[in-house]
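# Chains, contacts and geometry: an overview
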Amino acid sequence: MLIKRGGDIRSGEITDQALYLNRRAFMVGAAALAFAPIMAAAGVPPPAGQPLAATRNKSFDLPDAMTKFQDATTYNNFYEFGVNKEDPSQLSGSFKPRPWKVQVDGLVQKPKTFDLDDVLKMAPLEERVYRMRCVEGWSMVIPWIGFPLSDLIKRVEPTGSAKYVEFSTLVDPAQFPGQKKGIFNFGGLDWPYTEGLRLDEALHPLTLMTVGMYGQVLPNQNGAPMRVVVPWKYGFKSAKSIVRIRFTADEPKTAWNKAAPQEYGFYSNVNPKVDHPRWSQATERRIGEFRRRETLMWNGYDQVASLYTGMDLKKQY
Ligand SMILES: Nc1nc2c(c(=O)[nH]1)N[C@H]1C(S)=C(S)[C@@H](COP(=O)(O)O)O[C@H]1N2
Ligand SMILES: [Mo]
């Protein structure tokens with residue numbers, strides 16, 4: 001099915017991450033997709049964001065052109081709001097990212113529940129331009145605002161047995177239509193959406209606790225009020241609207257891995273040499289460009305390569 005839209009955004013990618021586990025649920029979802037053009041025509045503009053001051057960290061600047069704010073805030077994956085790319089921008093207008101708390105616990109000396117305001121004051125806010133690569137084969141270049149996740153981790157003092165970090169997104173079907181049983185919920189994911197990193201990945205200076213983008217407070221559709229951003233991994237590792245960060249000894253179960261383990265591994269490092277079972281990962285379509293680009297190993301962030309020495313990246317995908 002082809003849906004005609006503005007710009008160069010094609011609909012072929014709309015359901016690429018959506019699952020085929022539950023045939024009946026998929027058919028219901030496909031029916032919902034048929035109405036997508038009508039909904040898209042309404043063209044809800046992104047919310048007027050509050051400015052958020054941050055100092056640009058030029059060491060992360062890229063030669064790549066930045067993605068337009070309009071595209072980065074209307075072409076989203078956020079299954080809690082629905083499986084279509086326009087659902088998050090169209091259905092997140094009344095989402096309440098304040099007040100907000102994040103519980104940080106598990107294998108730490110100093111478990112603590114932080115208010116959003118505590119988090120915002122934890123470390124100086126930096127602006128960093130990162131490439132983002134979705135496993136579906138599209139990519140963006142986004143100026144995020146945040147601080148290294150390691151600054152938060154140090155405060156709670158992980159114990160010697162902590163080896164992994166698990167992130168969980170809010171569960172609230174009253175605010176997230178995708179969490180209601182029925183028509184919207186055909187993505188096949190279990191709630192809460194969970195993701196995880198190995199502790200050394202979470203401590204890597206590239207891993208950003210993110211509270212803003214494009215000089216503004218993070219828009220709801222991009223994961224307000226706080227999400228993690230891990231630029232060398234496929235986008236789904238960058239969990240949105242986080243309410244819990246838990247330190248564990250064992251590899252945490254992750255939402256996409258539980259739904260389709262053969263398609264989405266725990267590591268999910270951007271790797272042009274390891275194809276997704278349903279499509280190639282060798283190239284990508286940068287939103288706003290016409291010609292496909294070659295996908296770069298680690299999404300171009302070679303500084304993480306040493307985290308994976310000795311691993312078989314075909315097995316640990
Ligand atoms: N809670 C939650 N986080 C999520 C998702 C989601 O569905 N729910 N989708 C992921 C996927 S697949 C991608 S590609 C990125 C998209 O982030 P963006 O919309 O800010 O570009 O968010 C990730 N984080
Ligand atoms: Mo994605």
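The following paragraphs examine the structure supplied in this document. (Residues numbered from 1 in each chain as written. Chains lettered and ligands numbered in written order. Predicted model: local features only at pLDDT ≥ 70, side-chain atom pairs only at ≥ 80, totals over all residues. Heavy atoms only, no water.)

This next bit is on the nonpolar core. For soluble globular proteins, nonpolar side chains are generally found buried alongside one another. Among the nonpolar cores identified, the biggest contains 81 residues, and Trp144, Phe167, Trp232, Ile245 and Phe247 are the most heavily contacted of them. Of all the elements, strand β5 (residues 138-148) adds the most residues to this core, at 6 residues. (Core = buried A, V, L, I, M, F, W, Y, C linked by side-chain atoms within 4.5 Å. Buried < 20%, exposed > 50% of the residue type's maximum accessible area, 1.4 Å probe, protein only. Helix = DSSP H or I, 4+ residues; strand = E, 2+ residues; numbered from the N terminus.)

The immediate surroundings of ligand 1 are formed by 17 residues, with Asn76, Tyr79, Glu80, Arg227 and Lys240 found nearest. Side-chain polar atom of Asn76 to an oxygen atom of ligand 1: 2.8 Å apart, as the coordinates give it. Contact distances for ligand 1 include 2.8 Å between an oxygen atom and a side-chain N or O atom of Arg227. In isolation ligand 1 offers 530 Å² of accessible surface; the protein chains occlude 98% of this area. Of the residues assigned to the shell around ligand 1, the class counts are 7 nonpolar, 7 polar and 3 charged. (Near = heavy atom within 4 Å. Polar contact = N/O pair within 3.5 Å; in protein donor to acceptor, adjacent residues only side chain to side chain. Areas by Shrake-Rupley, 256 points an atom, 1.4 Å probe, with all protein chains shown as cover. Nonpolar A, V, L, I, M, F, W, Y, C, P; charged D, E, K, R; others polar.)

Cis peptide bonds are those with omega within 30 degrees of zero, and the linkage from Arg98 to Pro99 qualifies with -10°. Here Pro99 is to be found in the loop between α4 (87-91) and β2 (101-106). Between Trp191 and the following residue, Pro192, the backbone shows a cis peptide bond with an omega angle of 0°. Even without being glycine, Glu157 reaches a positive phi, approximately 55°. Along the chain, Glu157 turns up in the loop between α6 (149-156) and β6 (164-169). In this structure Glu157 comes out as partly exposed when scored by relative accessible area, which is 33%.

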